[in-house]
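Observations on the three-dimensional arrangement
Listed below, chain by chain, are the residues.
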Amino acid sequence: KSFVCLEKVSLLDTSRLERVKTVLSSDADRNTVTDTEREGAEQSAAALCIAVGSFSDPDDLPGLAHFLEHMVFMGSVKYPSENGFDAFLKKHGGSDNASTDCERTIFQFDVQRKHFKEALDRWAQFFICPLMIKDAIEREVEAVDSEYQLAKPSDSHRKEMLFGSLAKPNHPMSKFCWGNAQTLKTEPKNKKINVYERLREFWKRHYSAHYMTLAVQSKEKLDTLEQWVREIFSEVPNNGLPKPDFSDLLDPFDTPVFNKLYRVVPVRKVHALTITWALPPQEKHYRVKPLHYIAWLIGHEGAGSILSLLRKKCWAVALFGGNSETGFDQNSTYSIFSISITLTDEGFHNFYQVAHLVFQYLRMLQTLGPQQRIYEEIQKIEENEFHYQEQTDPIEYVEDVCENMQLFPKEDFLTGDQLMFEFKPEVISAALNLLIPDKANLLLLSPEHEGKCPLKEKWFGTQYSVEDVEPEWQQRWTGALDPHLQLRLPEENQFIATDFSLKTADCPDTDYPVRISSSDRGCLWYKKDNKFKIPKAYVRFHLISPEIQKSSKNLVLFDLFVNILVHNVAEPAYEADVAQLEYKLVAGEYGLVIKVKGFNHKLPLLFNLIVDHLADFSTAPDVFAMFAEQLKKTYFNILIKPEKLGKDVRLLVLEHARWSMIQKYQAVVDGLSVDELMEFVNSFKRELFAEGLVQGNFTSMESVQFLQYVTDKLQFQKLSVEVPVLFRVVELPQKHHLCKVKSLNKGDANSEVTVYYQVTTLHFNTQTILMYGGMHMEEPCFDFLRTKETLGYHVYPTCRNTSGVLGFSVTVETQATKFNTELVELKIEEFLQSFGEKMSSLSDEAFRSQVTALVKLKGCEDTHLGEEVDRNWTEVLTQQYIFNRLSREIDALKLMTKAELVSWFMVHRGETSRKLSVHVVGFGPEENDPPAAEGEDGGGSSASLYGEVSRLTFLSPSQTLTTATAIMDIRAFTSALNLYPYHKILK
């Protein structure tokens, strides 16, 4: 791997070019190309970070930095096509993105290595001479506004905006960083502000070479990369002006309004307590990382921790502490330390006691002082992870590096954000001693605050109230906090790996997993890693049961079972978790999925611990009640998201015998008991089929022990009936059907429209045509529906595999304040019509070029073992076992003709197409909602903010979609349809 890190490049300053080369594992040659099919198919990537962000927004144009990040992508003088760069990337298997933070803006892209130099030249023009034409401004403001509208229902974003409003009036933290149509279009027009001129001024002032750091990654020689960078970026202008500097604006939250209790009405149904301190900037202490050390202890989940005690009291289900290192949490003016606790109903009613426990633990840490043993343990774990880390995607890696170049000296570009270099107790104590109750902000979220919060945050409409901490608790916290006898520091971690040797194979190497054990109770697939050569492994098991899909109630009991099992495992497994041994328990459609990964040395200990808890599962009534209540909130929070509801409705139509999320929600509301849960768990464990995959640094003999442990410990019987691991799918009629439902998030303007076409031929050739069509469609879809029509921020085509039945769809997320969903569907149809015409006129050269790009994209080497494991696990989970699916798809792609592609698209878009449209309709004037419903927020109103989610409201289509047949009852519609047989794409 080669990197060039470019620092402060300009016409005046090309001497400051830095070169960095590193190898991220003990196997320096693991990226050698061995397959000629993959030659030149590797992804190259570049990222550029500019030392300017939303803190630099002018007061009269909030969101201008974010808006400029959008605008610079829309063509350049050298390459004027508005979507030309995206089109180039899509043609050559690439992607791009950008983000605006408080003090930095980052742009990144990746592309196939063969086309990297040209892509780099096209991309660099955005920083040399972007077009930013006036005509595009109005349209792109709508994209920024849609991004803002999509963010509005997010509780985390709402909390950030409310928190920012507590800063001193002259501090940039109080600015509205998102920007929307109001701040970037309506108000500037009223004030006669020329946004176009101000945008160009902002670019000229802040997009200067001496603000910029650049990282590029490719397999070219370093000298070649350096030459390219000098040649391409030397014309980036340098205005020589000083960088924006906000470091004199310290203590922005040293105000009377900060150290209060804020009660907030959330969008989701959740109780949460967040305790926050604003500390002096900590970035300069990156070699010590004091906040990371403190967060490690605060967030510990083992015996003696805050969360362990809260779980025993059934007051909390999760706790997160620390600093996210985003611009909001850490910048040149302050650093945040926050502790966020997800509370139960009982925990909410005892939130002062919860805060008291947190303060007791902090007082204990302050009294004991920083512990060198614990610091060195964290240091060792992170050194192990860094030394043996798997390669990340190039686009992610260069993004991290270019930002690190803004923060650290060059010797720490690659390590500054990952390693703890030196133990300095005085630095840790300085931060730790500031975490006292008197300086804390308490923010309490709960639906129970509805109707009791008269205040409203300006931009996101968050309802809140503010009050002093109760005098009784204030007095207890300012005095000597007595230590809690059950709180203590973590013990020495027994899960830290010490053996990093690579195993000697005990069977021949294979390209794909092989079945090494099989019986009527289970089987095991195995592949020894012979490529990445790292001392890590992945172990995955699917415990298949016929009990899960018998009823919606069983599905809920299964979710409860898995959630409580995770709870039971959490404390004993936490030491393994922090030692980089990851585990995950998933309630699948047909079985329990167990995943563990990490250093292989101690991995069997973690796996066996999980199986032990599964075998000996039990739960107390208070724990059961806590998780039943949490599950009801979880289902509610899923249903109020338009994209989740849209998926649930679509699959409810397509997949026979699927239980809906609403049915699951209703099953919880109707009530469940501990006895019912234990009866279900016993039935689940009685009959199973255990299918596993082991990949990595284990021998075959060691791998078999995992399956042996599962069967010996659980003592289950073989399945008495076969359990298919997929649904049967309905055959849609050869006409257009529309299922239109009202959003379940009351007052939310966001809508989603998905137009889906079911494909009747079910084999590799069809799948490859779909893949090609999806890739070819992506950029024109974005250009037509977002850039030109400004329908929404998220617009995308998707190739779909629904239980083995193929299809393709186009989705637009829009707002009912701007567009009616039926108008959006007509625009989607207009796009598909124009796309079909363009496809028919596609030249042979362009067609073959796109095919070659897709072949190369599919032929890209895996960057890490996990990618290979994920692909193989999908084959095991779906019981298809086509482990060479990628190469077979590549073979099918090479044989595909343009005539086949055009014929296929025209047939499935014709009058006999099997078309299903799903609309989730938001609240707004374009949907004829009355003013009370539009943007309803419940503040002070008798109407509840929270809608009724126990049933769907079906809407009839208007005269706009005259050809569509409405689905007003999903079960009645699907009951008359034919079903495809169970199908897997095997040939």
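This is a predicted model, so every value here is computed, not measured. (Residues numbered from 1 in each chain as written. Predicted model: local features only at pLDDT ≥ 70, side-chain atom pairs only at ≥ 80, totals over all residues. Heavy atoms only, no water.)

Digging into the pairing of strand 19 (residues 689-696)
Remark: a regular strand shows side chains that alternate across the two faces of the sheet. Definition in use: For every residue, the accessible area obtained with a 1.4 Å probe (protein chains only) is divided by the maximum for its type, and the residue is called buried under 20%, exposed over 50%, and partly exposed between those limits. Helix and strand assignments follow DSSP, with helices taken as H or I runs no shorter than four residues and strands as E runs no shorter than two, numbered in order from the N terminus. For two strands to be treated as a pair, DSSP must find no fewer than two bridges joining them.
Within strand 19, 8 of the 8 residues are buried, which leaves it mostly tucked inside the rest of the structure. Across 7 bridges, strand 15 (residues 522-528) lies against strand 19 in parallel orientation. Each residue of the ladder has a partner; that of tyrosine 526, found in strand 19, is valine 694. Alignment of strand 16 (residues 536-544) against strand 19, held across 8 bridges, turns out to be antiparallel. Bridge pairing links valine 539 to valine 694 in strand 19.

Focus on the nonpolar core
What counts here: Among buried residues, those of type Ala, Val, Leu, Ile, Met, Phe, Trp, Tyr and Cys that are joined through side-chain atoms within 4.5 Å constitute a nonpolar core.
Grouped together as the largest cluster of nonpolar side chains are 155 residues, with contacts concentrated most on Trp277, Ile294, Ile298, Phe337, Phe359, Leu543 and Phe561. Formed by 53 residues, the second largest nonpolar core is a distinct cluster that contains Leu48, Ala119, Leu184 and Val229.

Considering the pattern of salt bridges
Here is the rule we go by: The term salt bridge refers to a pairing of a side-chain nitrogen on Lys or Arg with a carboxyl oxygen on Asp or Glu at a separation within 4 Å.
Evaluated as defined, the whole model comprises 57 salt bridges. For the salt bridge of glutamate 676 with lysine 553, the shortest nitrogen-to-oxygen distance reads 2.3 Å. Remark: lysine 553 occurs in helix 17 (residues 552-578) and glutamate 676 occurs in helix 22 (residues 674-686); sequence separation between them is 123 residues. The partly exposed category is assigned to glutamate 676, whose relative accessible area is 25%. The structure contains a network of salt bridges with shared partners spanning Glu42, Arg113, Lys219, Glu220 and Glu861.

Examining the confidence of the model for the protein chain
Under the convention used in this document: On a range of 0 to 100, pLDDT expresses the predictor's confidence in each residue. Residue contacts are counted whenever heavy atoms from the two residues lie within 4.5 Å of one another.
For the protein chain, per-residue confidence averages 92 on the pLDDT scale, and residues scoring 70 or more make up 94% of the total. Predicted confidence is poor over residues 1-40, with pLDDT under 50, and the contacts of this stretch with residues over four places away or in other chains come to 116 contacts. Contacts of residues 933-942 to residues separated by more than four positions or lying in other chains number 17 contacts, the stretch itself having pLDDT below 50.

Focus: the UniProt feature "domain: Peptidase M16 middle/third" (unreviewed entry) in the protein chain
Selection criterion: UniProt positions are given in the numbering used here, feature names are shortened, and annotations may be inferred rather than shown by experiment.
The UniProt entry lists residues 386-667 under the feature "domain: Peptidase M16 middle/third" (unreviewed entry), expressed in the numbering used here. Summarising residues 386-667: 39% helix, 17% strand, and an end-to-end C-alpha distance of 46 Å.

Quick notes on the sheet that holds strand 8 (residues 271-279)
Formally: All axes are obtained by fitting lines to C-alpha atoms, using only the stretch in contact for helices, and the reported angles, taken between N-to-C directions, cover 0 to 180 degrees.
Read from one edge to the other, the open sheet built from 7 strands follows the order 9-10-8-11-7-13-12, with strand pairing classed as mixed. The open sheet has two edge strands with one neighbour each: strand 9 (316-322) and strand 12 (455-456). Set on the sheet, helix 12 (residues 351-368) makes contact with strand 7 (261-264), strand 8, strand 10 (335-343) and strand 11 (441-445); between it and strand 8 the angle comes to about 40°.

Examining the side chain of serine 76
Relative to the assigned elements, serine 76 resides in the loop between helix 1 (64-71) and helix 2 (84-91). Apart from residues lying up to four places away in sequence, serine 76 is in contact with Gln125, Phe126, Cys129, Pro130 and Leu131.

Let's talk about helix 12
Here is the rule we go by: Under the convention used throughout, the expected extent of a helix is 1.5 Å for every residue step, that is, one less than its residue count.
The end-to-end C-alpha separation of helix 12 is 26 Å, in line with the 26 Å expected for 18 residues at 1.5 Å each. Helix 12 sits mainly inside the fold: 14 of its 18 residues count as buried. One or two positions beyond helix 12, positive phi appears at glycine 369, with a value near 80°.

Let's talk about the sheet that holds strand 14 (residues 514-519)
Taken in spatial order, the 6 strands of this open sheet run 14-15-19-16-18-17, and their pairing is mixed. Both edges of this open sheet fall to strand 14 and strand 17 (582-587), since each of them pairs with a single strand only. Direction aside, the axes of adjacent strands within the sheet are offset by 10° on average. Each of strand 17 and strand 18 (591-599) is contacted by helix 17, which is oriented at about 175° to strand 17, the strand it contacts most.

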